[in-house]
Amino acid sequence: MKHAVRFLSTVVLCALTATAEERVDLDTIHRIKTEALENSKVMEHLFYLTDVYGPRVTNSPGFFAAADWVVKQLGEWGIPARLEKWGPYGHGWSYTHFSANLIEPEYAPLIGFPLAFTNGTNGPVTGELVMATLANEKDLENWKGKLRGKIVLDGSARELPLSLQPLARRYTDSDLGTLLLAPQPVPPRPNAQGNGPAGNGQPANAAANRRFQDQLAAFLREEAPAVVVRGGSGRSDDGTVFGQGGQRDPKQAPLPPMVVLTPEHYNRLVRLVDHNIPVKVEFDIETHIDDRTDSVNVIGQIDGGRKKDEVVMIGAHLDSWQGGTGATDNAAGSAVMIEAMRILKTLNLKLDRSVRIGLWSGEEEGLLGSRAYVKEHFGDRETMKLGAEQAKLSGYFNVDNGSGRIRGVYLQGNDMMRPVFDAWLKPFADMGVSTISIRNTTGTDHLSFNEVGLPGFQFIQDPLEYDSLTHHSNMDVYDHVQGGDLMQAAAIVTSVIYHAANREEMLPRPPLPKPQPPQRDGTDNRSNPPSN
Ligand SMILES: [Zn+2]
């Protein structure tokens, strides 16, 4: 009897795995690899998105020009594409001139750039330098009424420790081994809806920080200093400057001029002031507020055949911050997705389901473009009221972790997708793809799909110099993108979307999430940390 039961269960198990055997088309994978590796155009796409149209701050002229270029380019390949409006986002911001110079005691150009959503100086300005750290409510009280027309050095000088670490790195086997393991479970906190006393899922410090940012913005608008100067965030040095935006409030005027400098230059100003040496600096900043308040996502589609009304999607955010040309964040991901569409079309691959590309705006301000798209087409995460299209979208694949090659994928907890990815990615093991992690990764546009119960995935990518050099910095430029890595990624994404389009079944999806309470615009990072 015992043998009969064991035999039976083995049969069932084999049956299950047999039926679940994922179909992989090696002939087509071979053709895709050949096109992606021997006839690649991915760095051409990157060139236009960066050197020609970068940076692409949402609703800035550079963003709209890049979006138009993508629509035109896809069209030239016979892929219908359009700009899909969403909004209101608010006015776009861009800058058209920036100079910062130490005039006295000796002349020196200062390396930096203006924070987004801040005003220009209306011509060159000089002014008395004041050391005024504005880090908490007490600081604001102390400096109230004392900063009008001043050039404010906000923050003390920062030690720059000697770093013996290489700037760039690739995941080691042990790094990938860690990702293979599920994270340690954390027992739920009984009293809080989320994990902060605020009870709305936001870490208390995040909520407190956002409250202070609002107070600081109101204070600066009231005080009207000539320029607020900061010395780059902790990762900055060696002329590299990391910086994003001041507080963005579509209902209010931009903030007074705010600038971030490389710490070596910022520290010199602080030391001069500390020694009571007379210092003269000059800033000349020109910024523009764009009239358009609605934004757009770029949507293109290759229609499928026998399952044409079912869709699989690839995507990346097209918008960027202003320090460099938004190369690794995220022209890299956008170029990979454009290249995947080119390869599908060039090889004229048979597609049962339609393949759709979405290049989003507003990601840096809080996944705004992809969330607007998902709400318009698939469902409302606040009520979990779903649209008819939700049942027709099989899955969404995202690239937005820099320009590193793909090493695997995050399953976002979707165990049912493990054997699917296992089969799809195995043919790329010799290109460094080995890791299927059950973990969630956050901070980018696949989350917008997960929030309404749709399978949405971000690939695991080599970190390269993303955190150490390019992510939201003035060094986020074409030269810091690894072409070979993007070619590898384009081959893999094309193969994944081809197999998803021709898979007999729709992709397995987890149960619908619970409705999520309304979220404030911008920096509110209830369901994800600040965006990638
Ligand atoms: Zn990004």
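Each residue is numbered by its place in its chain's sequence as written, counting from 1. Only residues with pLDDT of at least 70 are given local features in this predicted model, and only at 80 or more are side-chain atom pairs given and counted; all residues enter the totals for whole chains, interfaces and linings. Hydrogens and water molecules were not included; the side-chain quantities draw on all heavy atoms of the structure.

Engineer: A description of the pairing of strand E11 (residues 295–302) should follow, citing residues and the corresponding values.
Structural biologist: Partly exposed describes any residue whose relative accessible area lies between the buried limit of under 20% and the exposed limit of over 50%, with all areas from a 1.4 Å probe on protein chains only and scaled to the type maximum. Under the scheme used here, helices are H or I runs from DSSP no shorter than 4 residues and strands are E runs no shorter than 2 residues, and both carry numbers assigned from the N terminus. Of all 8 residues making up E11, 8 are buried, and the element is well covered by its neighbours. Pairing between two strands is assigned when DSSP locates at least 2 bridges connecting them. Two strands pair when backbone bridges link them, and strand E1 (residues 81–86) and E11 are joined in this way by 6 bridges, in the antiparallel orientation. Note on E11: the bridge partner recorded for Lys-85 is Val-296. Relative to strand E13 (residues 353–360), E11 is paired through 5 bridges, and the arrangement is antiparallel. Counterpart to Gly-300 in the pairing with E13 is Ile-357.

Engineer: I'd like to hear about the pattern of salt bridges, residue by residue, with values.
Structural biologist: The term salt bridge refers to a pairing of a side-chain nitrogen on Lys or Arg with a carboxyl oxygen on Asp or Glu at a separation within 4 Å. Scanning all chains against the criterion turns up 24 salt bridges. A salt bridge links Arg-306 to Glu-504; its shortest N-O distance comes to 3.1 Å. Separated by 198 residues along the polypeptide, Arg-306 in the loop between E11 and strand E12 (307–317) and Glu-504 in the segment after helix H14 (483–502) bring together distant segments of the chain. With a relative accessible area of 49%, Glu-504 lands in the partly exposed category. Two residues, Arg-356 and Glu-389, come together in a salt bridge whose shortest N-O distance is 4.0 Å. Note that Arg-356 is positioned in strand E13 and Glu-389 in the loop between strand E15 (385–386) and strand E16 (393–398), a separation of 33 residues in sequence.

Engineer: Before we move on, can you summarise empty space enclosed by the protein with the specific residues and values?
Structural biologist: Lining residues are defined by having an atom within 4 Å of a point belonging to a cavity or pocket. Those points lie on a 1 Å grid over the protein atoms alone, cavities being sets where a 1.4 Å probe fits but cannot get out and pockets being open sets with protein on both sides within 12 Å along at least five of seven lines. Grid points are joined across faces, edges and corners, and a volume is the space filled by probe spheres set on the points. The tally for this structure, following the rule as stated, stands at 1 cavity of 30 Å³ or more. Counted as a void, the largest cavity has a volume near 50 Å³. Around the largest cavity sit Ser-320, Trp-321, Gln-322, Gly-323, Gly-324, Gly-326, Asp-329, His-472, Ser-473 and Asp-476, which together line it. Residue composition of the lining of the largest cavity, grouped by class: 1 nonpolar, 7 polar and 2 charged. Ten residue types, Ala, Val, Leu, Ile, Met, Phe, Trp, Tyr, Cys and Pro, are classed as nonpolar, four, Asp, Glu, Lys and Arg, as charged, and the remainder, Gly among them, as polar.

Engineer: Quick one: what's the story with the side chain of Asn-297, residue by residue and with numbers?
Structural biologist: Its place among the elements puts Asn-297 in strand E11. Judged by its relative accessible area of 1%, Asn-297 is buried. Side-chain atoms alone can form a polar contact between residues adjacent in sequence; in general such a contact is a pair of N or O atoms within 3.5 Å, and within protein one must be able to donate a hydrogen while the other accepts it. For Asn-297, the side chain forms a polar contact with the main-chain nitrogen of Ser-361, separated by 3.0 Å. In terms of polar contacts, Asn-297 uses its side chain to reach the backbone carbonyl oxygen of Gly-369, at 3.0 Å. When near neighbours in sequence (up to four residues on either side) are disregarded, Asn-297 contacts Arg-82, Leu-83, Glu-84, Trp-86, Leu-359, Trp-360, Ser-361, Gly-369 and Tyr-373. Contacts are residue-level and defined by heavy atoms, with any inter-residue pair within 4.5 Å sufficient.

Engineer: Please set out the domain arrangement of the protein chain residue by residue, giving values where relevant.
Structural biologist: On domain assignment, one finds that the protein chain holds domain 1 (25–91 + 293–502) and domain 2 (93–161 + 203–288). Segment limits for the domains were obtained from an automatic or database-derived domain assignment. A straight line from the C-alpha centre of domain 1 to that of domain 2 covers 35 Å. At the interface, 22 residues of domain 1 touch 19 residues of domain 2. Across the interface of domain 1 and domain 2, roughly 1500 Å² is buried in total on both sides, 50% from carbon and sulfur atoms. Buried area: the accessible area, evaluated with a 1.4 Å probe, that two parts lose upon being put together, summed over both parts. For domain 1, the biggest contributors to the area lost against domain 2 are Trp-321, Gln-322 and Asn-474; these three give 35% of the whole.

Engineer: I'd like a description of the confidence of the model for the protein chain, backed by residues and values.
Structural biologist: Per residue, pLDDT measures the predictor's confidence, with a range of 0 to 100. Scored by pLDDT, the protein chain comes out at a mean of 92, with 91% of its residues at no less than 70. Segment residues 193–203: pLDDT under 50, and 17 contacts once partners within four positions in sequence are set aside and those in other chains are kept.

Engineer: Would you mind going over the packing of helix H9 (residues 327–346) against H14 in detail, with residue names and values included?
Structural biologist: Axes, fitted as lines to C-alpha atoms, cover a helix only where it is in contact. Angles between the N-to-C directions of the axes lie from 0 to 180 degrees. Running from N to C, H9 and H14 cross one another at 55°; their axes reach a closest spacing of 8 Å. When the axes of H9 and H14 are compared, the pair comes out oblique. Between H9 and H14 the crossing geometry is right-handed. Contact with H9, carried on its side by Ala-332, Val-336, Met-337, Glu-339, Ala-340, Ile-343 and Leu-344, involves Leu-486, Ala-489, Ala-490, Val-493, Thr-494, Ile-497 and Tyr-498 of H14 and no other residues of that element. A class-by-class count of the residues in the contact of H9 with H14 yields 12 nonpolar, 1 polar and 1 charged. The scheme is simple: roughly parallel for angles under 35 degrees, roughly antiparallel for over 145, roughly perpendicular for 65 to 115, oblique for anything else. Each crossing gets its handedness from the near helix: less than a right angle anticlockwise from the far helix is left-handed, clockwise is right-handed.

Engineer: Give a description of the sheet that holds E13 that names residues and reports values.
Structural biologist: Ordered in space as E1-E11-E13-E12-E16-E19-E17-E18, the 8 strands form an open sheet in which the pairing is mixed. At either end of the open sheet lies a strand with only one pairing partner, and these are E1 and strand E18 (435–437). Within this sheet the neighbouring strands show an average axis-to-axis angle of 25°, counted without direction. Packing against the sheet, helix H10 (residues 368–377) makes contact with E1, E11, E12 and E13, and its axis sits at approximately 90° to E1.

Engineer: So what's going on with the environment of Val-452? Residues and values would help.
Structural biologist: Tracing the backbone shows Val-452 in the loop between helix H12 (446–450) and strand E19 (456–461). According to the relative accessible area criterion, Val-452 is buried, its value standing at 1%. In this view, Val-452 contacts Val-374, Phe-378, Gly-379, Asp-380, Arg-381, Met-384, Leu-386, Gln-390, Leu-512 and Pro-513; residues no more than four positions away in its chain are not counted.

Engineer: Talk me through the packing of aromatic side chains; I want residue IDs and the actual numbers.
Structural biologist: Note on aromatic pairs: the rings of Phe, Tyr and Trp (six-membered ring only in Trp) are paired at centre separations within 6.5 Å, and the planes decide the class, stacked below 30 degrees, edge-to-face beyond 60, tilted for the rest. One pass over the structure, following the stated rule, counts 18 aromatic pairs. On the basis of an interplanar angle of 70° and a centroid distance of 5.9 Å, the ring pair of Tyr-373 and Phe-378 is categorised as edge-to-face. Note on Tyr-373: relative accessible area 1%, which makes it buried. Owing to a relative accessible area of 1%, Phe-378 belongs among the buried residues under this scheme. Every member of this aromatic cluster is reached through a ring pair, and the members are Trp-360, Tyr-373, Phe-378, Tyr-396 and Phe-449. Think of it as a cone above the ring: NZ of Lys or CZ of Arg counts as a charge over the ring if it is within 6 Å of the ring centre and within 35 degrees of the ring normal. Sitting above the plane of the Tyr-89 ring, Arg-248 keeps its charged end 3.9 Å from the centroid.

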